[in-house]
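Chain by chain, the residues run as shown.
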Amino acid sequence: MRTDSPQTIFRKDYTPPSYLVETVELGFDLDPARTIVANRITLRHNPDSPSAGKGGADLVLHGEDIELVALRMNGVALNPGQYILGTNTLTIKKAPLNVVLEIETICVPENNTTLSGLYVSNGSFYTQCEAEGFRRITYFPDRPDVMAKYTVMLRADKEKYPVLLSNGNLVEEGDLDDGRHYAKWEDPFKKPSYLFALVAAKLVCQEEKFKLADGRDVLLQVWVEEGNLDKTDYAMQSLKNSIRWDEERWGLELDLDRFMIVAVGDFNMGAMENKGLNIFNTKFVLANPATATDVDYAGIEAVVGHEYFHNWTGNRVTCRDWFQLSLKEGLTVFRDQEFSADMIGTASGRAVTRIDQVRTLRQAQFPEDSGPMAHPVRPDSFVEINNFYTVTVYEKGAEVVRMYQTLLGREGFRKGMDLYFQRHDGQAVTCDDFRAAMESANGRDLTQFERWYSQAGTPILTAKGEYDADARRYVLTLAQRCPPTPGQPEKQPFHIPVAVGLLGPLGADLPLNQAGDTTVVLELTEAEQTFTFDGIGAVPVPSLLRDFSAPVILEYPYSDEDLLHLFRHDSDPVNRWEAGQRLAMSRLLKLTAAAQRGEELELDYTFIAAQRALLLDDTLDAAFREQALILPSESVIADQMEVVDPHAIHTARQFMRRTIASVLRTELLNAYAANQITGPYSPDAVSAGKRGLKNLALAYLLAGKDGHAVNMARRQFEEATNMTDRAAALTALIHSGADASEQLQAFYDQFKGEALVVDKWFAMQASAPTTDVAHVRELMGHPAFTLKTPNRARSLLFSFANANPSQFHAHDGSGYEFWAEHVIKLDALNPQVASRFARSMDRWRRYPPALQEHMRRALEKVAGATKLSNDVMEVVSKALAN
Ligand code: B3K
Ligand code: ZN
């Protein structure tokens, strides 16, 4: 926990480091209660730093929660008068131009519950250094623009920690006295400190030799705790697919002889791209059919890919400073999205991944963009950088990268990527450098495009069409505006690629130009522009923003008729889905309003008929039909309302589900029967799609309070041969309010030894609309519950606060009291996890006054807590600020 007062850091204040580090030699004597770190660094004054002075410059090292034992400079021990030890810094005034520092420090990994720096999980040692965890291991200029070569010597008890790993290549290993052993690792590549990693653990591995495109053999390893070797195949396969894909799609090769993935049960995020030694949350490594769902499998593929792709986009070319985080994250998310889409292979599979991305943006990023934590893709300031690993930096950042590709074409984008690596390999650079590479490689001026990096907020795109039958001309007027965000009252127009198609009266795409293109990308750069299409023979229905070509909110006065036309015929599957979402949303909003007025709810047959036609359309993949039948979530509906009424929204959405279930009962039963899969489990997209549709049908049927459906679900639960079907049946049972106590107990008994499955068990209960605060508190008392393991805390607390709105927002404010109490409790253990949880209250000002009052009190309670971390302080103070 930081003890200094929170300080805002500004992007404009960037200055190059006063010293550069050439080499780092680290020696670890690993002991959970007292680890000694010996650090020898060679530094030289940076001639490009403004701090140049004749007698040398001030050498400032970062350090946090470590005890300084000894310090030598150029071979001479320094006594306390010769350096300044601040709370989190060590400064040597007017240091010489060339410096060799020898620093000895002590840390206590077993007490490190922050999971940042060096920590213990289930008796073994792991590290997490991004963003600023390396300073919790040793004193160092811990910033990404200081890149150095590392040599690491690990020493530890051989029996307790038989496996000793670090970055790069193993150069030496052997035994020491007293049952200890050692391993020496050397990373041939310069890297920033945030990519340092070590593991000293009792682990086993699945390993394989793999041939790279250039013929080199590399060693691939997936390390897990004993007993989990039956769950590493998919991660290994995903790693091999990632390596191949990076070679084929981008011409990027693995640059090491050895690449390791290590799974750990206590981890703050998904995974970490440490050079050659990726450390993963077990959630994104371990899978077999009995324990993991289709969604888990897809997550493993995406995250294994993501971390592997960082080797080029992040590690070989890294960030100059943390404001540039999206340079590596947005780009790498884009790369992992493309990887997942290419792995599916089919056009509609690609669309389904795109729909998922759009859903994430609407579910999480748009709300962030219009809330108190709104920030540009490249933020201008922060208090705690760990608070900025956000959906804006990651997912909106990926959309920004995707827009380059949409504007420049696939080939042009590839040229830009090639130039980016050619120019910047081995460097720490900025988002501007990336844009400059795209510009130079394509001879295009992308000055205005920069606003996607500097302006926060979701642009609103309004469209209007006019058809002139005599002239056979369609004129499309596009306009844009962007609401103010904290610190940015006014916005300049963005450069927005708008992919457009026009549907004729029979649903076919109309040719839009001489070349016969049926989709064109319009470039909107002004506040308002018109675009003319000639040779249009009949009044068309516009299909706008195809494939979601820009992260904007599109407003167009679509009639129900237009939407039904698009829902039936649009050749762009994403917009086809979108039309269905719009049809559903307009009804959900009306139903919500009616529920608020206490009126009887009614759903029109037109909408259900459209759903029915889609469900019955066998020409469509099951995966696509599933997507199209999922209604907008309660929080996405909430986002459409001026004042959010979580209870009315819940009533409305449940009513719609129930109505669909009863009217389409036969069709849903048929879909359930038709999409059964026999034979061994496979996570491939076609099978997963069938399971998805079948399980959605089951959930609908249960929502319809159908007694027969309860039996179907119980039977599926019992007979399931994979976790996807088992968990889906149990979730549907619990969420429908049916009695599932027996099944819950059986599930727990069967899987209590599988931490990731126990997480599911907590999560499905926490998100059930029948689970209130009292029940969550009860679940916290379960022997399997602990706040210390982030996955477990997330499975219960986060699921409740974020996925159970009608209970979290209980009228009496008890949900918020629970929130405040646990933000404070979590903060004492792990500020990063606490701060994520704290964000569940971001949107408090959108609720009715009575709820707001409860929420304000809860926020103030947290803000007023003694010993709050910077992480949580930043989030709650921004939430409370006007
Ligand atoms: N780069 C890491 C994130 C580290 C987060 C530190 N709070 C994971 C990733 O994006 O690949
Ligand atoms: Zn990443």
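Residues numbered from 1 in each chain as written. Chains lettered and ligands numbered in written order. Predicted model: local features only at pLDDT ≥ 70, side-chain atom pairs only at ≥ 80, totals over all residues. Heavy atoms only, no water.

Before going further, it helps to examine the coordination of the zinc ion (ligand 2). At 1.9 to 2.0 Å from the zinc ion (ligand 2) lie its protein donor atoms, namely His306 (NE2), His310 (NE2) and Glu329 (OE). On the primary sequence, the residues serving as donors to the zinc ion (ligand 2) are separated as H-x3-H-x18-E. Here the residue His306 occupies a position in helix α2 (residues 294-309), and Glu329 occupies one in helix α3 (residues 325-344), the gap between them amounting to 23 residues. Residue His306 shares its accessibility class with Glu329, and that shared class is buried. (Donors = N, O, S within 2.8 Å, 3.2 Å for Na, K, Ca; no water. Helix = DSSP H or I, 4+ residues; strand = E, 2+ residues; numbered from the N terminus. Buried < 20%, exposed > 50% of the residue type's maximum accessible area, 1.4 Å probe, protein only.)

Before going further, it helps to examine the pairing of strand β22 (residues 277-281). Burial within β22 is extensive, with five of its five residues counted as buried. In terms of strand pairing, strand β20 (residues 258-264) meets β22 through five bridges, oriented parallel. By the bridge assignment for β22, Val262 is matched with Ile279. One ladder, built from two bridges, connects strand β21 (residues 271-272) with β22; its direction is antiparallel. Pairing of Met272 across the sheet is with Ile279, part of β22. Between the antiparallel neighbours β21 and β22 lie four residues, among them Gly276 with a positive phi of about 70°. (Pairing = 2+ DSSP bridges.)

Next up on the list: the UniProt feature "domain: Aminopeptidase N-like N-terminal" (unreviewed entry) in the protein chain. Following the UniProt record, the feature "domain: Aminopeptidase N-like N-terminal" (unreviewed entry) maps to residues 107-195 here. Summarising residues 107-195: 0% helix, 47% strand, and an end-to-end C-alpha distance of 19 Å. (UniProt positions renumbered as here; feature names shortened; annotations may be inferred.)

A few words now on the side chain of Lys328. Assignment of secondary structure puts Lys328 in helix α3. Looking at Lys328, its side chain comes within polar contact range of the side chain of Glu329, at 2.6 Å. Apart from residues lying up to four places away in sequence, Lys328 is in contact with Glu130, Tyr194, Glu273, His310, Thr313, Gly314, Cys319 and Trp322. (Polar contact = N/O pair within 3.5 Å; in protein donor to acceptor, adjacent residues only side chain to side chain. Contact = heavy atoms within 4.5 Å.)

Moving on: the packing of helix α21 (residues 790-803) against helix α23 (residues 814-829). As a packed pair, α21 and α23 sit with axes 11 Å apart at the nearest point and diverge in direction by 145°. Like other packed secondary-structure pairs, α21 and α23 cross with a definite hand, here left-handed. Between α21 and α23, the contacting residues are Ala793, Leu797 and Phe800 on the first element and Phe818, His822 and Leu826 on the second. (Axes fitted to C-alpha atoms, helices over the stretch in contact; angles between N-to-C directions. Left-handed = near helix turned anticlockwise from the far one by under 90°.)

We now examine the site of ligand 1. Around ligand 1, 16 residues are found, and the nearest of them are Glu130, Glu273, Glu307, Asn386 and Tyr394. A distance of 2.8 Å separates a nitrogen atom of ligand 1 from a polar atom in the side chain of Glu273. Asn386 has a polar side-chain atom sitting 2.8 Å from a nitrogen atom of ligand 1. Out of a free accessible area of 340 Å², ligand 1 has 97% covered by protein chains. Of all the secondary-structure elements, those providing two or more residues to the shell around ligand 1 are β21, α2 and α3. The residue inventory of the shell around ligand 1, partitioned by class, reads six nonpolar, five polar and five charged. (Near = heavy atom within 4 Å. Areas by Shrake-Rupley, 256 points an atom, 1.4 Å probe, with all protein chains shown as cover. Nonpolar A, V, L, I, M, F, W, Y, C, P; charged D, E, K, R; others polar.)

Let's shift gears to helix α20 (residues 773-780). Turning to α20, its buried residues are Val773, Val776, Leu779 and Met780. All buried residues of α20 project into a common sector of 115° when viewed along the axis, lining one side. Considering only its buried residues, α20 is in contact with α19 (755-766), α21 and α23. (Arc of directions from axis to C-beta.)

The strand order across the open sheet formed by three strands is β4-β8-β7, and the pairing between neighbours is antiparallel. Bordering the open sheet on either side are β4 (57-62) and β7 (84-85), each of which pairs with just one other strand.

Right, let's talk about the layout of surface pockets for a bit. Of the voids in this model, the second largest pocket is the one considered here, and its volume is about 1100 Å³. Lining of the second largest pocket is provided by 43 residues; of these, Ile9, His62, Glu132, Arg135 and Arg143 occupy positions nearest its centre. Counting only elements with at least two residues in the lining of the second largest pocket, the list comes to β1 (9-10) and β4. No other element matches the four residues that β4 contributes to the lining of the second largest pocket. (1 Å grid on protein atoms, 1.4 Å probe; cavity = no way out; pocket = protein on both sides within 12 Å on 5 of 7 lines; lining within 4 Å. Points joined across faces, edges and corners; volume = space filled by probe spheres on them.)

The end-to-end C-alpha distance of α3, which contains 20 residues, comes to 29 Å, matching closely the 28 Å that a straight helix rising 1.5 Å per residue would cover. Where burial is concerned, most of α3 is hidden: 17 out of the 20 residues are buried. Gly345, located one to two residues past α3, shows a positive phi value of around 90°. (Expected span 1.5 Å × (residues − 1).)

Right, let's talk about the packing of aromatic side chains for a bit. This structure, assessed with the given rule, holds 39 aromatic pairs. Judged by centre distance (5.2 Å) and plane angle (80°), the rings of Phe309 and Phe339 are edge-to-face. In this pair, Phe309 is assigned in helix α2 and Phe339 in helix α3, connecting sequence segments 30 residues apart. For Phe339, a relative accessible area of 0% gives the class buried. Ring geometry for Phe798 against Phe837: centres 5.2 Å apart, planes inclined by 25°, an arrangement best described as stacked. A residue pair is termed long-range when its members are at least 10 positions apart, and Phe798 in helix α21 and Phe837 in helix α24 (residues 831-838) qualify at 39 residues. Residue class for Phe837 comes out buried when judged on its relative accessible area of 0%. Through a chain of ring-to-ring contacts, the aromatic side chains of Trp245, Trp250, Phe259, Tyr308, Phe309, Phe334, Phe339 and Phe413 assemble into a single cluster. Above the face of the Phe717 ring, Arg726 is positioned so that its terminal group lies 5.9 Å from the ring centre. (Phe/Tyr/Trp six-rings, centres within 6.5 Å; stacked < 30°, edge-to-face > 60°. Lys NZ or Arg CZ within 6 Å of the ring centre and 35° of its normal.)

Below, the discussion takes up the UniProt feature "domain: Peptidase M1 alanyl aminopeptidase Ig-like fold" (unreviewed entry) in the protein chain. Those residues carrying the UniProt feature "domain: Peptidase M1 alanyl aminopeptidase Ig-like fold" (unreviewed entry) are residues 457-556 in this numbering. The span residues 457-556 shows a helical share of 0% and a strand share of 45%, and its end C-alpha atoms are spaced 20 Å apart.

This brings us to the pattern of salt bridges. By the definition in use, this model includes 69 salt bridges. Across the salt bridge formed by Asp294 and Arg691, the nearest N and O atoms sit 2.8 Å from each other. One end of the pair, Asp294, is in helix α2; the other, Arg691, is in helix α15 (residues 685-703), with 397 residues separating them in the sequence. Judged by its relative accessible area of 10%, Asp294 is buried. Ionic pairing is found between Arg354 and Glu399, a salt bridge with its closest N-O pair at 2.7 Å. (Salt bridge = Lys/Arg side-chain N within 4 Å of Asp/Glu carboxyl O.)

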